[in-house]
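Results of the structural survey
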Amino acid sequence: MEATQPQTVADSVKGSWVYRLPPALWPYAQLARWERPIGWQLLMWPCWWAALLAAHTVQISAGQLLWFLLLFTVGAFVMRGAGCTFNDLVDQDIDEKVARTKSRPLPSGRVSVQNARLFLLAQLLVGLVVLLQFNFASIVLGVLSLALVFTYPFMKRITWWPQFFLGLAFSWGALVGWSAVTGSIAMSALLLYAGAICWVIAYDTIYAMQDIEDDALVGVKSTARLFGENTSQALTALYAAAIILFAFAFWAGGALWPARVGLVAGGVHLAWQVMSLNRNDPEKSLMLFKSNSRFGLILFLGLLFSLMFSPAQ
C-alpha cells in the first residue's frame with residue numbers, strides 16, 4: 001500500500017501545474033519530474049537543433065517540420081520521465097542518504113517499487129508510440145538509445161565521469177532529429193552530437209555541484225568532485241569544445257549567418273555561466289544549470305532564421 005506521507009519533495013518546484021492534478025497522482029508526477037521542465041527541455045533541444053539543421057539540406061514542408069518538433073517535444077517529456085523513474089529505482093539506496101533526495105517518492109515510501117516499475121513501463125509504451133511515427137532509421141536509433149538510458153544510473157558508482165554517459169544519452173536526439181528529416185546520418189549530425197555531449201557534461205557538472213558534500217559521504221562519483229578547484233577551467237574547455245563542434249556542424253550542414261550569430265550569442269551566454277560560478281552557492285549552481293535551456297533556445301532561433309533564408313526551402 002502507498003504511504004500517505006507529505007506530498008512534496010525537498011527540491012520540487014512549488015506552485016507547479018502538477019499540484020493541480022488529483023493528489024494521488026502527485027508522487028508519480030514527482031517521480032517523473034513533471035514539475036521540473038528543465039530536464040525534458042534539455043533533452044529536446046538537440047532534437048530540435050538537428051531537425052532544423054537537417055532541413056537546410058533537404059526539402060521538407062513547414063507542416064511536416066512542425067509535426068516532427070511536436071513529436072520530439074512529447075518524446076522528450078515522456079522519455080525524460082521514464083529515465084528519472086528508472087534512475088530513482090536504481091538509486092533508492094543513495095537517495096535515502098542525501099538530504100535533497102530523501103523525500104522523493106520512492107525513498108519516502110509514497111510509491112512502491114512495483115508501482116514505480118509499472119509507471120516506468122507505461123511511459124516507455126507512450127515513448128514507443130511516439131517513436132513509431134518516424135522513419136525506420138529513426139526508430140532503430142530510438143531503440144538503441146535505451147541502452148544508454150538504462151546504463152547511465154549505474155555510472156556514478158563506477159566512474160568519475162557519469163556526466164559523459166549522461167551526455168551520450170541526452171545528446172542522442174541530435175542523431176534522431178537528423179535521421180527523422182533525412183532518413184540517414186551525416187557528418188553534421190555527428191558533429192552536433194559530439195558538441196552536445198560536451199555541453200551536457202558541462203551543465204551537469206554545474207548541477208552536480210549542489211551535492212558535492214553528500215556525494216562524498218555516500219561515495220557517489222561525479223565530474224563536479226573530480227574537477228574540484230579546477231571546475232571553472234574544465235567548464236571553459238568543455239563549453240569551448242561544444243561551440244567549436246557546433247560551428248563545424250553548422251558549416252557542414254549549410255547553415256547561414258543567422259545560425260552563426262546565434263552561436264556567438266550562445267557562446268557569450270556560456271561564458272557568463274562560467275564567470276558566475278560559485279562552488280559554495282548551491283542555489284546559484286541550480287540557476288546556472290537551468291539557464292542552459294536559454295542557450296538551447298538561442299541556438300534554435302539562430303537555426304530557425306537561417307532556415308528561413310536557406311535556398312533549400
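Report on the accompanying structure. Worth saying up front: this structure is predicted, and the values here are computed from it rather than measured.

**A word on the overall build of the protein**
When helices and strands are tallied, the protein shows 15 helices and zero strands. Projected onto the principal axes, the alpha-carbon positions of the protein cover approximately 60 × 45 × 35 Å. The burial tally for the protein puts 55% of its 313 residues in the buried class. For the protein, long-range pairs separated by at least 24 residues make up 75% of all intrachain contacts whose partners lie at least 6 apart in sequence. Counting only carbon and sulfur atoms, one obtains 70% of the accessible surface of the protein, whose full area is about 13,700 Å². Side-chain charges of the protein comprise 20 positive and 16 negative groups, with the mean position of each set lying 5 Å from the other.

**Topic: helix H8 (residues 173–182)**
Burial analysis of H8 places nine of its 10 residues in the buried class, the great majority of the element. When we look at burial in H8, the residues that qualify are Gly 173, Ala 174, Leu 175, Val 176, Gly 177, Trp 178, Ser 179, Ala 180 and Val 181. Trailing H8 by a residue or two, Gly 183 shows a phi angle of about 80 degrees, which is positive.

**Overview of the packing of aromatic side chains**
This structure, assessed with the given rule, holds 25 aromatic pairs. With centroids separated by 5.1 Å and ring planes inclined at 15 degrees, the aromatic side chains of Phe 72 and Phe 134 adopt a geometry described as stacked. Pair noted here: Phe 72 is in helix H3 (residues 62–90) and Phe 134 is in the loop between helix H5 (113–131) and helix H6 (136–155), with a separation of 62 residues, a long-range link. Neither Phe 72 nor Phe 134 differs from the other in exposure class; each is buried. Ring geometry for Tyr 207 against Phe 289: centres 4.7 Å apart, planes inclined by 50 degrees, an arrangement best described as tilted. One end of the pair, Tyr 207, is in helix H9 (residues 187–208); the other, Phe 289, is in helix H14 (residues 282–290), with 82 residues separating them in the sequence. Note on Phe 289: relative accessible area 8%, which makes it buried. Here the guanidinium or amino end of Lys 156 rests over the ring plane of Tyr 152, the centre of that ring lying 5.3 Å away. For the cation-ring pair, Lys 221 lies above Trp 160, with the distance from its terminal atom to the ring centre recorded as 5.8 Å.

**Overview of the environment of Glu 35**
Examined against the element boundaries, Glu 35 turns out to sit in the loop between helix H1 (26–31) and helix H2 (38–54). For the pair Glu 35 and Gln 114, spaced 79 residues apart in sequence, the C-alpha to C-alpha distance is 23 Å. A distance of 3.3 Å separates polar atoms of two side chains, one belonging to Glu 35 and the other to Arg 36.

**Digging into the side chain of Ser 222**
Mapped onto the elements, Ser 222 comes out in the loop between helix H10 (212–218) and helix H11 (223–227). Of the residues examined, Ser 222 reaches a relative accessible area of 2% and is grouped as buried. In this structure the side chain of Ser 222 is engaged in a polar contact, spanning 3.3 Å, whose partner is the backbone nitrogen of Ala 224. In this structure Ser 222 touches Trp 160, Pro 162, Gln 163, Ala 208 and Asp 215, once residues within four positions along its chain are discounted.

**As for H9**
When the terminal C-alpha atoms of H9 are compared, their 31 Å separation across 22 residues agrees well with the 32 Å that a helix rising 1.5 Å per residue should span. Of all 22 residues in H9, 19 are buried; the element is thus mostly enclosed.

**What about the nonpolar core?**
Within the largest apolar cluster, 80 residues are counted, with the highest numbers of intra-cluster contacts made by Trp 49, Phe 72, Trp 199, Phe 246 and Phe 250. The greatest single-element share of this core, amounting to 15 residues, is contributed by H9. Contacts of Trp 199, omitting those with residues within four sequence positions, involve Leu 42, Trp 45, Pro 46, Trp 49, Tyr 239, Ala 242, Leu 270, Asn 292 and Phe 295. One finds Leu 31, Ala 32, Ala 82 and Leu 89 within the second-largest nonpolar core, a separate group that totals 12 residues.

**Let's talk about a nonpolar patch on the surface**
On the surface, Trp 257, Val 261, Leu 297, Leu 301, Phe 305, Met 308 and Phe 309 cluster together to form a nonpolar patch covering roughly 730 Å² of accessible area. Of all the secondary structure elements, the ones that give two or more residues to the nonpolar patch are helix H13 (257–276) and helix H15 (292–308). Among the elements that make up the nonpolar patch, the one with the highest residue count is H15 (four residues). In this structure, Val 261 sits in helix H13.

**Comments concerning unusual backbone geometry**
Non-glycine residue Arg 33 carries a positive phi angle of around 60 degrees. Among the secondary structure elements, Arg 33 is positioned in the loop between H1 and H2. Judged by its relative accessible area of 5%, Arg 33 is buried.

**Looking at the pattern of salt bridges**
Using the criterion set out here, one finds five salt bridges in the structure. Between Asp 88 and Arg 33 there is a salt bridge, with its nearest N and O atoms 2.8 Å apart. You can see Asp 88 sitting in helix H3 and its partner Arg 33 sitting in the loop between H1 and H2, a full 55 residues away along the chain. As far as the burial class goes, Asp 88 and Arg 33 line up, both buried. One salt bridge connects Asp 91 with Arg 157, and the closest N-O pair in it is separated by 3.0 Å. Linking Asp 91 in the loop between H3 and helix H4 (92–95) with Arg 157 in the loop between H6 and helix H7 (162–170), this pair joins segments that are 66 residues apart in sequence. Taking relative accessible area as the criterion, Asp 91 reaches 3% and is therefore assigned buried.

Conventions and cut-offs
Residues numbered from 1 in each chain as written. Predicted model: local features only at pLDDT ≥ 70, side-chain atom pairs only at ≥ 80, totals over all residues. Heavy atoms only, no water. Helix = DSSP H or I, 4+ residues; strand = E, 2+ residues; numbered from the N terminus. Buried < 20%, exposed > 50% of the residue type's maximum accessible area, 1.4 Å probe, protein only. Contact = heavy atoms within 4.5 Å. Areas by Shrake-Rupley, 256 points an atom, 1.4 Å probe, with all protein chains shown as cover. Lys, Arg positive; Asp, Glu negative; His and termini not counted. Charge placed at Lys NZ, Arg CZ, Asp CG, Glu CD. Phe/Tyr/Trp six-rings, centres within 6.5 Å; stacked < 30°, edge-to-face > 60°. Lys NZ or Arg CZ within 6 Å of the ring centre and 35° of its normal. Polar contact = N/O pair within 3.5 Å; in protein donor to acceptor, adjacent residues only side chain to side chain. Expected span 1.5 Å × (residues − 1). Core = buried A, V, L, I, M, F, W, Y, C linked by side-chain atoms within 4.5 Å. Patch = residues over 30% accessible without salt bridge, like charges linked within 9 Å, V, L, I, M, F, W, Y side chains within 5 Å. Salt bridge = Lys/Arg side-chain N within 4 Å of Asp/Glu carboxyl O.

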